[in-house]
Amino acid sequence: METGQDRIMQKYQYLSSCLNKEGLLQKDTLFLMPGKIILNAEGEPVSSSFFDRTDAEYALFTHGLYSLRYAGRKQDLKASIDDMAQMFGRTVYSREAPERKDCACLIHDRGFFVTARYEKELTAAAVLMEKACRTEILAEKIGSVRYLNPALCEAEHLVYLLKYSKHEKEAADERE
């Protein structure tokens, strides 16, 4: 018979495998799992105040090559790709620590924080944050970055929250 602990470890194994494939599983990676269980990169339970201010079911702190470089700038990240606008809105803020309503933020000099309602959404958010930082850094090398219209970003984010992510969440709940 499967226990709650077994289910958490299955979810951790799925998440860590996905992040590892994308180069986003680091020694300092932290996972917030259902039930406010915090796991480190090795899947060991740890205590940390890092997630104290989030109400999300899932959250992640990690970094990749580009997100770590961008976090070192201590600058907000504006949406320059549609995926980012849909999932995070027009801006991902740069902060010392995540705030309660953040679905994503860059953590100064350390990486990023993302939240989600289920595992697949958490993986998508992490991959998207790295992609957005990579886009910003590489675009600057060939010219200037063209940001999306803020009103369009807000509309795309609203549609994502009300339509697309709702269907994905329902599908994830059915798999439970």
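Check the entry above for the structure.
Fair warning: this is a prediction, and the values are worked out from it, not measured in the lab.

Peer 1: Would you explain the sheet that holds strand β5 (residues 91–95) in this entry?
Peer 2: One key point about sheets: their strands pair by backbone hydrogen bonds, in either a parallel or an antiparallel sense. With mixed pairing, the 7 strands of this open sheet are ordered in space as β2-β1-β3-β7-β6-β5-β4. For this open sheet the edge positions go to β2 (37–40) and β4 (77–78), each flanked by a neighbour on one side alone. Relative to strand β7 (residues 111–116), strand β6 (residues 104–107) is paired through 4 bridges, and the arrangement is antiparallel. Each bridged residue has a counterpart across the sheet, and for Cys 105 the counterpart in β7 is Phe 113. Contacting β1 (30–33), β2 and β3 (58–62), helix α1 (residues 4–21) runs over the sheet at an angle of about 140° to β1. Against the sheet, helix α4 (residues 119–142) contacts β3, β4, β5, β6 and β7, and its axis sits at roughly 145° relative to β7.

Peer 1: For this particular structure, what's the right way to read the layout of surface pockets?
Peer 2: Regions of empty space are outlined by a rolling probe, equal in size to a water molecule, passed over the atoms. Within this model, the largest pocket holds a volume of roughly 280 Å³. Lining the largest pocket are 18 residues, and of these Cys 103, Thr 115, Ala 116, Glu 121 and Leu 161 lie nearest its centre. Those elements giving two or more residues to the lining of the largest pocket turn out to be α3 (82–88), β7, α4 and α5 (150–175). Here the element with the most residues in the lining of the largest pocket is α5; it accounts for 3 residues. Across the lining of the largest pocket, the residue classes tally to 8 nonpolar, 3 polar and 7 charged. A volume near 180 Å³ is recorded for the second largest pocket. Forming the walls of the second largest pocket are Phe 88, Gly 89, Arg 90, Thr 91, Val 92, Tyr 93, Lys 101, Asp 102, Cys 103, Ala 104, Glu 154 and His 157. For the lining of the second largest pocket, the secondary structure elements donating two or more residues are β5 and α5. Examining the composition of the lining of the second largest pocket, we find that 3 residues originate from one element, β5, more than from any other. Its residues assigned to classes, the lining of the second largest pocket comprises 5 nonpolar, 3 polar and 4 charged.

Cut-offs and rules
Residues numbered from 1 in each chain as written. Predicted model: local features only at pLDDT ≥ 70, side-chain atom pairs only at ≥ 80, totals over all residues. Heavy atoms only, no water. Pairing = 2+ DSSP bridges. Helix = DSSP H or I, 4+ residues; strand = E, 2+ residues; numbered from the N terminus. Contact = heavy atoms within 4.5 Å. Axes fitted to C-alpha atoms, helices over the stretch in contact; angles between N-to-C directions. 1 Å grid on protein atoms, 1.4 Å probe; cavity = no way out; pocket = protein on both sides within 12 Å on 5 of 7 lines; lining within 4 Å. Points joined across faces, edges and corners; volume = space filled by probe spheres on them. Nonpolar A, V, L, I, M, F, W, Y, C, P; charged D, E, K, R; others polar.

Take it as geometry only, folks, not as evidence of what the structure does.
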